[in-house]
Amino acid sequence: FVFPFFSSFHFFLQFSISSHLFQKQQQKRMSHRYDTRTTIFSPEGRLYQVEYAMEAISHAGTCLGILSKEGVVLAAEKISTAKLLDVNSSAEKIFKLDEHVACSVAGITADANILVDYLRLTAQRHYSTYQEPIPIERLVTIVCDLKQAYTQYGGMRPFGSSLVFMGWDRHFGFQLYRSDPSGNFGGWKATCVGSNSQSAKSILESDYDEECSLQEALLLAVKVLNKTMDSTKLTSAKLEFATLTLEDGESKYTVMSPEHVEALLKEGEDIRLKEEEEERKKKEAKAKERKQKQKQKSASSSTSTTTTTSSSS
């Protein structure tokens, strides 16, 4: 009587395992059905191709922007650092769109080139029509509408690049925006995209000051890049910086020269060593204070023991 019971139980167990594996395979097959097109939602309400594009950006070079009271700073990590590369422009990851606006890119540069050309053309069309520079938020909205369209119509894929904009206009002054492949955008005081962006955002949240000067913003950018980049030492060959300031009522876009970048990196390194030295001294002072407290406790305990012995005698 026992053998038939175990036999049926074994059959039931095998059937349960087989059905569970079959369900997992079906779920896997179903998930592959939804990530082949950008226009199909998964049952969970996700667009997988858009998420894949954002994942590609998270593995790209770091790119950050910081807003200060004197201007805006953009900093980007160069990917191509070959000595024999013939660079035909002053910047590789930062692009000037108009006299009052520029952007840096993270992700697939070929996709970003299309967007940069579209942005430049849009800015010139607006100036030709209205005889005034295009407002920054209007320019960002137009390009984000284009990026959103590439997630909604068949036969297209999302742009695999994220843009960080810095600009100035007479409506809102200095501004900093960030857009992603889905077409979303937002205004920021300090932001970062690319590899190790979460660590960079944590540093910016703790160290950013709204009243900082342009030089302080540059040094903060150096600090963030120093702690988030995989390189052991920062050099001008691996980084590029650009600033947007206001002079005589007109916006001025400047790409920092390699010599200026090296001087900035040296100043940032000196500040980092000074902070590490102060942190080391604080730790030593705490350790010394802890030892003194332990000595006082041991001395007080020995004194109480002596007093108890003398009173008992």
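From a predicted model like this one, the values you see are computed outputs, not experimental measurements.

Engineer: What am I meant to see in the overall build of the protein chain here?
Structural biologist: Helix and strand counts for the protein chain stand at seven helices and ten strands. Residue burial in the protein chain is summarised as follows: out of 313 residues, 37% are buried. A separation threshold of at least 6 residues defines the contact pool for the protein chain, and within that pool the share at least 24 residues apart is 63%. Accessible surface, the protein chain: about 19,300 Å² in total, of which carbon and sulfur atoms supply 54%.

Engineer: Would you mind showing me how to read the nonpolar core here?
Structural biologist: Looking at soluble globular proteins, one finds that nonpolar side chains tend to be buried together. Counting residues in hydrophobic clusters, the biggest one holds 45 residues, and the most contacted among them are Leu 64, Ile 66, Met 166, Leu 225 and Phe 241. A total of nine residues in this core trace back to one element, the largest contributor, which is helix α6 (residues 214-228). Counting 21 residues, the second largest nonpolar core, distinct from the first, contains Ala 112, Leu 115, Ile 136 and Val 143.

Engineer: I tried to follow the pairing of strand β6 (residues 173-179) on my own but got confused; where do I start?
Structural biologist: For a regular strand, side-chain orientation follows a simple rule: the groups alternate between the two sheet faces. Taking burial as the measure, the seven residues of β6 include seven buried ones, the bulk of the element. Examined bridge by bridge, strand β5 (residues 161-169) and β6 share seven bridges and lie antiparallel to one another. Note on β6: the bridge partner recorded for Trp 168 is Phe 174. In this structure, the hairpin formed by β5 and β6 is closed by a connection of three residues. By the bridge criterion, three bridges tie β6 to strand β7 (residues 185-187) in an arrangement that is antiparallel. Bridge pairing in β7 links Ser 179 to Phe 185. Turn length for the β6-β7 hairpin, with the two strands adjacent in sequence and antiparallel, is five residues, and the turn residue Gly 183 shows positive phi of about 100°.

Engineer: What should I look at first to understand unusual backbone geometry in this one?
Structural biologist: Unusually for a residue other than glycine, Asn 196 sits at a positive phi of about 55°. Its location among the elements puts Asn 196 in the loop between β8 (190-193) and α5 (197-207). For Asp 248, which is not a glycine, the phi torsion comes out positive at approximately 55°. On the secondary structure map, Asp 248 appears in the loop between β9 (239-247) and β10 (250-255).

Engineer: Before we go on, may I ask you to explain helix α4 (residues 136-149) in this structure?
Structural biologist: Two residues of an α-helix separated by three or four positions point the same way, owing to the 3.6 residues in each turn. Given a rise of 1.5 Å per residue, 14 residues ought to cover 20 Å, and the 20 Å separating the end C-alpha atoms of α4 matches this to within 8%. Inspection of α4 places Ile 136, Leu 139, Val 140, Ile 142, Val 143, Cys 144, Lys 147 and Ala 149 among the buried residues, and these make up the whole buried set. Taken together, the buried residues of α4 touch β3 (94-98), β4 (101-107), α3 (109-130), β5, β6 and β7.

Engineer: Help me out: how do you make sense of the packing of α3 against α4 in this one?
Structural biologist: It is at 10 Å that the axes of α3 and α4 come closest, and there the two elements cross at 135°. The angle between α3 and α4 falls in the class oblique. In this structure, α3 crosses over α4, and the sense of that crossing is right-handed. Contact residues: α3 offers Leu 115, Tyr 118, Leu 119, Thr 122 and Ala 123, while α4 offers Leu 139, Ile 142, Val 143, Leu 146 and Lys 147.

Engineer: Looking at this model, I keep getting lost on the confidence of the model for the protein chain. Mind explaining?
Structural biologist: Caution applies to low-pLDDT regions: their predicted coordinates should not be interpreted in detail. In this model, the protein chain carries an average pLDDT of 84, and 82% of its residues clear a pLDDT of 70 or more. Here helix α1 (residues 2-34) stands out as the element of the protein chain with the lowest mean pLDDT, 56, in contrast to β6, whose mean of 96 is the highest.

Engineer: Honestly, the side chain of His 100 in this entry has me stumped. Any pointers?
Structural biologist: The residue His 100 is located in the loop between β3 and β4 in this model. A polar contact of 2.7 Å, which involves the side chain of His 100, links it to the backbone oxygen of Ile 134. Setting aside residues no more than four positions away along its own chain, His 100 makes contact with Pro 133, Ile 134, Ile 136, Met 166, Gly 167, Trp 168, Leu 244 and Ser 251.

Engineer: What is the right way to read a negative patch on the surface from this model?
Structural biologist: Where like charges cluster on the molecular surface, the negative patch consists of Glu 70, Asp 209, Glu 211 and Glu 216. Structurally, Asp 209 can be placed in the loop between α5 and α6.

Calculation notes
Residues numbered from 1 in each chain as written. Predicted model: local features only at pLDDT ≥ 70, side-chain atom pairs only at ≥ 80, totals over all residues. Heavy atoms only, no water. Helix = DSSP H or I, 4+ residues; strand = E, 2+ residues; numbered from the N terminus. Buried < 20%, exposed > 50% of the residue type's maximum accessible area, 1.4 Å probe, protein only. Contact = heavy atoms within 4.5 Å. Areas by Shrake-Rupley, 256 points an atom, 1.4 Å probe, with all protein chains shown as cover. Core = buried A, V, L, I, M, F, W, Y, C linked by side-chain atoms within 4.5 Å. Pairing = 2+ DSSP bridges. Expected span 1.5 Å × (residues − 1). Axes fitted to C-alpha atoms, helices over the stretch in contact; angles between N-to-C directions. Parallel < 35°, antiparallel > 145°, perpendicular 65-115°, else oblique. Left-handed = near helix turned anticlockwise from the far one by under 90°. pLDDT = per-residue confidence, 0-100. Polar contact = N/O pair within 3.5 Å; in protein donor to acceptor, adjacent residues only side chain to side chain. Patch = residues over 30% accessible without salt bridge, like charges linked within 9 Å, V, L, I, M, F, W, Y side chains within 5 Å. Salt bridge = Lys/Arg side-chain N within 4 Å of Asp/Glu carboxyl O. Lys, Arg positive; Asp, Glu negative; His and termini not counted. Charge placed at Lys NZ, Arg CZ, Asp CG, Glu CD.

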